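Read off the chains here:
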Amino acid sequence: MSIGFRGTTLGRVRLTAMERWSSIGLVLLALAVVLVPLFSRADPLAIGDVLSLRLLPPGARDASGSLHLLGTDRFGRDLFVRMMLAGRISLAVGVIGSLLAGALGTFVGAIAAWRGGVDSWARSPRGVAARWTPSAWPSPTRCSPCRGWCCYWCARRSGSRGSARWWSCSSRPAGWAWRAWCAGRCWACSTRAYVDAATALGASSWRVLLRHALPNALGPAIVATTLGVGNAILLESGLSFLGMGIQPPQPSWGNMIAGGRDLIVAAPWVAIAPGSALIVTVLACTLLGDALRDRLAGETGTTLRERV
Amino acid sequence: VHLQRVRAPAVLRQLAGALVLLWLVITVTFVLVHLAPGDAAAFLVAPDAPAAEAERVRRTLGLDRPLMVQYARWLADVLRGNLGESFALARPVGSVIREALPVSLGLGSASLALTFLIGVPIGLLQAARRGRALDRVLTVITTTVYAAPSFWLALALVAVFTYGAANWGLPPSLRLPAFGIHTPGAELTGLARVLDVLRHSILPVTILAAVGAAGIARYSRSSVSDILANDFVRTARAKGASNGSVYFRHVLANVLPPLVVLFALALPGVVAGSIFVEVVFAWPGMGRVMYSAILARDYPVVMGTSLAYAALVVSANLAADLVLPIVDPRRRA
C-alpha cells in the first residue's frame, strides 16, 4: 500500500499487524452493517409474536426454524440484525462527524501554518483547547438542546425518521473540530520554517497554502480524525443510553444496552452483545489512530477524551 | 517554589479573561436550553388539561416573556446571588446544588486521586519497559478499558458484584450495593454511616478510576517515551546517573507540568463527566440533577448547575495557569 502526500513521501508502507487487523475489522464491520439488515428476513423494528420469541438465548432457533445468532431481546426482535442496523447509525455518526471535524481542523491548521499571526490571539494550544472549546460546557447541556433543535428542524423538513441520525451528525463535530484544529496547530507551530523558506523562494501565498501548509497539516488531522471516530461513537452511545440520543424503536448500541439494563441477570446477552460491538469498534478506531499517530504525526502525544 | 515570580498584571488579565469566558458560556447555554423544543409548562400540567391551563403556568413561570427579557431577569438575579427556584422540585436552585455538589465532588475527587495514583505509575512502567511483554499486556488492558463505555462497565460490575454475588450465596455484607449513596431506611450514625457510604461508593469510584487511569496511563506512556528519546536523558546516562535518578530527576520533572495541567482540567470534568456513572448508580450528584432537569426542561436548575460547572472549569483553568509556572521553570517569564 502506498501512501504519499506532497512534501512528505512515505513511499511503500508495510502495515503492522495492529494496523492490518484493526482496518480489516472495521471494513468487515462496515460491510456487515450495510449488508446484514438488507438480506435478513427478520424485521429489526417490528414486534411480532412476543410471547414465543422474546429473550431467546444466543444460537437458539425459534418455532419457524430461523436461527437467532445472538438471541432476541424482550420484544422478540433478533439482536444480531438490530445490532447491525444500530451499527449503521454509530458508524455514520462517527465517520461523518469526525470527517467534518477533520476537514475543518485541516483547513484551520493549514491557515495557522500559513499565517502565523493566528498565534497572537491563541497563545498556547492548551489554552485554546481549554478555553474556547465547547468541552468547557457540560456535555448533556451541550448536546440535548442541539439535538432537540436539530430534531425539530429535521422533523419539519423531512419527517421524523431520519432526524435522530442528523442531530448526531450535526451536534458533535464542534468538539472534535477544535481538537483536530489544535493537533494541526501544534504541528504547524513546530515546523513553520518551510513556510518561510517557500516564501523566501518567491512562492505566492496561495501556493504556500495549497502546496505546503495544507499537505503538511494533513498528518495530524488524519490522526485526530481516526481517534475522533471512536470518541464520537462512544459519545453517541452514551447519550442514547441516557435516552437523549437515538430513540427506540430505532436501535443504537447505546439504547440497546439501556434496554438490557434490567435484564442483566435474566438475559445478559441483551446488554453484552451491543456492548461488545461498541468496545470492539472503538478499540479498532483507537488502535488504528495510535498506529497512524506513530507513523504520521510524530510527537503529538495522546489526547484525552471526555469520560463516557 | 517562587510564587513572587507570578506577576500581578498577568493574574488580573487571566482573571478578566476567565470572567468573560464564564459569561459567554452561560449565555450560550441559556440560548441553547431555551431553543430546545417543548417547555417546562408542558411537563407541569396534566396531559388532558386545556391549553389555557398551560398558558397560565407559562405566565406564572415568566416563560411567556421574550427571551431577552427572561435572560436579563435571570442574569440580574444571578448577580444578586439568587439562582431562582426549580420548576419541577419547587425548591431554591441554590439548595439543590448545595446538596448535590458535595456528593459529586466526593465521588469525583476520590476517583481522580485514584486515577492519577494508578495511571501515572502504569504509564511510567510501560515507557520504561517499552516494547517488552509487560508493556504489551498493559497496553492491551489500558486500551480496552479506554475503549469501553463507563456505563457498560458499570452494568457489568453490578451484574457480578451485586446480583452475581447474591446468586452465589455470598452473605449480604460481601455483596456490593448497586444503587444510591446509603442504605435506604437504615438510620445509621457516626462510623457506621461513613462505612455505609464507603461501601456504596466502591463500584462507582472503581469505574471512574479505571476509565480515567487507562487514559492517564496512555498519556503518560506516550509522553514519557517522548521524553526518554531526548538528548538530556542520554547525557545523564552517559554521565553515570542511575536509573532511578534518570526517572525521578529528569523524566518526572518534564512529565509533571502537563500532568498538573491535566489534573486541574480533569477536576471539573469528573464532577459533571460522571453523569453516566451517576445515572447508572442512582448517585444523587450534579450529573444526575442536571440530567433530570434537562429531561423536565427545568430551566433554572439546568442553568444553575451549568453555571456551577462552568465556574469550576474556569477556576480550574485559572489554577492551572497559576500553578504551571511553579512546576515548570520555563514558564516563568
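Conventions adopted
- Residues numbered from 1 in each chain as written.
- Chains lettered and ligands numbered in written order.
- Predicted model: local features only at pLDDT ≥ 70, side-chain atom pairs only at ≥ 80, totals over all residues.
- Heavy atoms only, no water.
- Helix = DSSP H or I, 4+ residues; strand = E, 2+ residues; numbered from the N terminus.
- Buried < 20%, exposed > 50% of the residue type's maximum accessible area, 1.4 Å probe, protein only.
- Contact = heavy atoms within 4.5 Å.
- Areas by Shrake-Rupley, 256 points an atom, 1.4 Å probe, with all protein chains shown as cover.
- Expected span 1.5 Å × (residues − 1).
- Arc of directions from axis to C-beta.
- Core = buried A, V, L, I, M, F, W, Y, C linked by side-chain atoms within 4.5 Å.
- Polar contact = N/O pair within 3.5 Å; in protein donor to acceptor, adjacent residues only side chain to side chain.
- pLDDT = per-residue confidence, 0-100.

Next up on the list: the overall build of chain A. Helix and strand counts for chain A stand at 11 helices and four strands. Taking all 308 residues of chain A together, the buried fraction comes to 53%. Across chain A, the fraction of contacts at a sequence separation of at least 24, relative to all contacts at a separation of at least 6, is 70%. Working note: accessible area of chain A is about 13,900 Å², and carbon and sulfur atoms make up 65% of it.

So, on to the overall build of chain B. On a plain count of helices and strands, chain B comes out with 13 helices and zero strands. Going from the N terminus to the C terminus, chain B shows its helices and strands as α-α-α-α-α-α-α-α-α-α-α-α-α. Principal-axis analysis of the C-alpha atoms places the extent of chain B at approximately 85 × 65 × 40 Å. Taking all 333 residues of chain B together, the buried fraction comes to 46%.

With that settled, consider helix H6 (residues 133-147) of chain B. Residues and elements named next belong to chain B. Its 15 residues place the ends of H6 21 Å apart at the C-alpha level, agreeing with the 21 Å of an ideal helix rising 1.5 Å per residue. All of the buried residues in H6 are Asp-135, Leu-138, Thr-142, Thr-143, Tyr-146 and Ala-147. Seen end-on, H6 carries its buried residues on one side only, within an arc spanning 155°. Looking at H6, the residues exposed on the side facing more than 90 degrees away from the buried face are Ala-133, Arg-136 and Val-140.

Membership of the largest hydrophobic core comes to 89 residues, with the highest contact counts inside it found for A:Leu242, A:Trp253, A:Leu278, B:Phe151 and B:Phe281. Ranked by the residues each element gives to this core, the list is headed by helix H11 (residues 269-297) of chain A, at 14 residues. Those residues in contact with A:Trp253 that sit more than four places away from it in its chain are A:Leu29, A:Met83, A:Ala86, A:Gly87, A:Ser90, A:Ile233, A:Pro274, A:Ala277, A:Leu278 and A:Thr281. Of all hydrophobic cores here, the second largest spans 18 residues; its members include B:Phe116, B:Val246, B:Tyr247 and B:Leu259.

Further remarks concern the side chain of A:Asp290. Counting through the fold element by element, A:Asp290 comes out in helix H11. Polar side-chain contacts of A:Asp290 include one of 2.8 Å to the side chain of B:Arg218. Apart from residues lying up to four places away in sequence, A:Asp290 is in contact with A:Leu227 and B:Arg218.

A few words on the confidence of the model for chain A. Detailed reading of predicted coordinates is not advised where the pLDDT is low. All names here are of chain A. Residues at a pLDDT of 70 or more form 58% of chain A, whose mean pLDDT is 68. Note that pLDDT drops below 50 for residues 1-11; the model gives that stretch 18 contacts with residues more than four away or on any other chain. For residues 298-307, every residue scores under 50 in pLDDT, and the model assigns this stretch 35 contacts once sequence neighbours within four places are set aside.

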